[in-house]
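Observations on the three-dimensional arrangement
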Amino acid sequence: MSERLKAMTKELKQQYTLKITQANKTGLVVILYEMLLVYIDEAGESHKNGDRSGFRDGIRKAEGCLRELMASLHFEYEPAMNLLQLYLYANRELAKADIRNSLQELQHVKMIMKKLHDAYEKLSKQDTSGPVMANTQTVYAGLTYGKNSLTESLADQGSNRGFRA
């Protein structure tokens, strides 16, 4: 995973939105792991700054990512039950971190989720299925006149974008 920002900024949300529109099923799982790790980092940073509210908010958002990961499991495949157990453990650890106002449990969760992220990232490179979302905007990106500035251009902004007519 490339270097992540410590907080879910507006720019990072836009990046994830773009990635989601172009991702296949495995790619969506990778994105959920990335978001989970960002929220754990956000909670940790808030804890270090003495921001209890920010700490709890980061944990709450990380728990939301875990719920989505649990909902995405396909139990007809053997690893699903093992993943569910890991997700439930991670959820309990996040709850302990919140109750104890502790970083130790967050580090356990981060370690586990980072390993799962790396494994799914390798799998996603082998997944040749198309994007889950169809009929989305086409984005062209390139360097423009400004030194090292990146401009995104949206094309094909039809009225039925995201929907099949």
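Along every chain, residues carry numbers that run from 1 in the direction the sequence is written. Given that this is a predicted model, residues contribute local features only at a pLDDT of at least 70 and side-chain atom pairs are listed and counted only at 80 or more, while totals for whole chains, interfaces and linings are drawn from all residues. As a convention, hydrogens and water are excluded, and side-chain values are obtained from all of the structure's heavy atoms.

1. Focus: the confidence of the model for the protein
Going by this rule: For every residue, the predictor assigns a confidence score, pLDDT, that lies between 0 and 100. Between two residues, a contact is recorded if the distance between any of their heavy atoms is within 4.5 Å.
Of all residues in the protein, 65% attain a pLDDT of 70 or more, and the chain-wide mean is 79. Segment residues 1-6 is flagged for pLDDT under 50; beyond a separation of four residues in sequence, or across chains, it makes 16 contacts in the model.

2. Points about the nonpolar core
Our working rule: Nine residue types can take part in a nonpolar core, namely buried Ala, Val, Leu, Ile, Met, Phe, Trp, Tyr and Cys, and a core is a set of them joined through side-chain atoms within 4.5 Å. For each residue, the accessible area found with a 1.4 Å probe, counting protein chains only, is set against the maximum for its type, and the residue is called buried under 20%, exposed over 50%, and partly exposed in between. Comment: elements are numbered from the N terminus, with helices defined as DSSP H or I runs of at least four residues and strands as E runs of at least two.
Ranked by internal contacts, the top residues of the largest apolar core, which has 32 residues, are Tyr 33, Leu 36, Leu 66, Leu 69, Tyr 87, Leu 106 and Met 113. Elements with a contribution of two residues or more to this core: α2 (25-48), α3 (52-71), α4 (79-100) and α5 (104-126). It is α2 that provides the largest number of residues to this core, a total of 11 residues. Excluding residues within four positions of it along the chain, Leu 69 makes contact with Val 29, Leu 32, Tyr 33, Leu 36 and Tyr 87.

3. Some words on the packing of α2 against α5
Going by this rule: Helix axes use the C-alpha atoms of the stretch in contact, all axes being lines fitted to C-alpha atoms, and the angles between their N-to-C directions lie in the range 0 to 180 degrees. Orientation categories follow fixed angle ranges, with anything under 35 degrees roughly parallel, anything over 145 roughly antiparallel, 65 to 115 roughly perpendicular, and all other angles oblique. By definition, any crossing whose near helix is turned counterclockwise from its far helix by less than a right angle is left-handed, and any crossing with a clockwise turn is right-handed.
For the pair α2 and α5, the least separation of the axes is 9 Å and the interaxial angle reads 155 degrees. Taken as axis vectors, α2 and α5 run roughly antiparallel relative to one another. Like other packed secondary-structure pairs, α2 and α5 cross with a definite hand, here left-handed. Taken together, the residues of α5 that come into contact with α2 (itself represented by Thr 26, Gly 27, Val 29, Val 30, Tyr 33, Glu 34, Leu 36, Leu 37, Ile 40, Asp 41, Ala 43 and Gly 44) are Leu 106, Val 109, Lys 110, Met 113, Lys 114, Leu 116, His 117, Tyr 120, Glu 121, Leu 123 and Ser 124.

4. As for the packing of aromatic side chains
The condition that has to hold: Only the six-membered ring of Trp is used, alongside the rings of Phe and Tyr, when aromatic pairs are assigned; centres must lie within 6.5 Å, and planes under 30 degrees apart are stacked while those over 60 apart are edge-to-face, with the rest tilted.
A full pass over the atoms with the stated rule returns 2 aromatic pairs. On the numbers, 5.6 Å between centres and 45 degrees between planes, the contact of Tyr 33 with Tyr 120 is tilted. With Tyr 33 in helix α2 and Tyr 120 in helix α5, the pair connects residues that are 87 residues apart, well separated along the chain. Grouped by ring-pair contacts, the aromatic residues Tyr 33, Tyr 87 and Tyr 120 constitute a single cluster.

5. Remarks on α5
Quick note on the threshold: Helix span, as expected, comes to 1.5 Å for every residue beyond the first.
Relative to the 33 Å expected for 23 residues at 1.5 Å per residue, α5 spans 34 Å between its end C-alpha atoms, a close match to the ideal helical length. Within α5, the full set of buried residues consists of Glu 105, Leu 106, Val 109, Ile 112, Met 113, Leu 116, His 117 and Tyr 120. Residues of α5 that are buried in the fold lie against α2, α3 and α4.

6. Here we look at the packing of α4 against α5
The interhelical angle for the contact between α4 and α5, taken along N-to-C directions, is 150 degrees, at an axis separation of 8 Å. Regarding the angle of α4 to α5, the classification is roughly antiparallel. Every pair of crossing elements has a handedness; the one defined by α4 and α5 is left-handed. For the pair α4 and α5, contact is made by Leu 83, Leu 86, Tyr 87, Tyr 89, Ala 90, Glu 93, Leu 94, Lys 96, Ala 97 and Arg 100 and by Glu 105, Leu 106, His 108, Val 109, Ile 112, Met 113, Leu 116 and Tyr 120, respectively.

7. A few points about the environment of Asp 98
With respect to the helices and strands, the residue Asp 98 is situated in helix α4. Classification of Asp 98 as buried rests on a relative accessible area of 14%. Along the primary structure Asp 98 and Arg 56 are separated by 42 residues, whereas in three dimensions their C-alpha atoms are 6.2 Å apart. Once residues lying within four places of it in the same chain are set aside, the contact partners of Asp 98 are Arg 52, Phe 55, Arg 56 and Ile 59.

8. Considerations on the pattern of salt bridges
The condition that has to hold: Any carboxyl oxygen of Asp or Glu that lies within 4 Å of a side-chain nitrogen of Lys or Arg is treated as forming a salt bridge with it.
Tallying each qualifying case throughout the model produces 8 salt bridges. Among the salt bridges present, the one from Lys 61 reaches Asp 57, with a minimum N-O distance of 3.2 Å. Taken together, the residues Lys 61 and Asp 57, both in helix α3 and 4 residues apart, mark about one turn of the helix. Taking the relative accessible area as the measure of exposure, Lys 61 reaches 27% and is therefore partly exposed. A salt bridge links Asp 118 to Lys 114; its shortest N-O distance comes to 2.9 Å. Of the two residues, Asp 118 and Lys 114 both sit in helix α5, 4 residues apart, roughly one turn of that helix. Linked by salt bridges that have partners in common, Arg 52, Arg 56 and Asp 98 make up one network.

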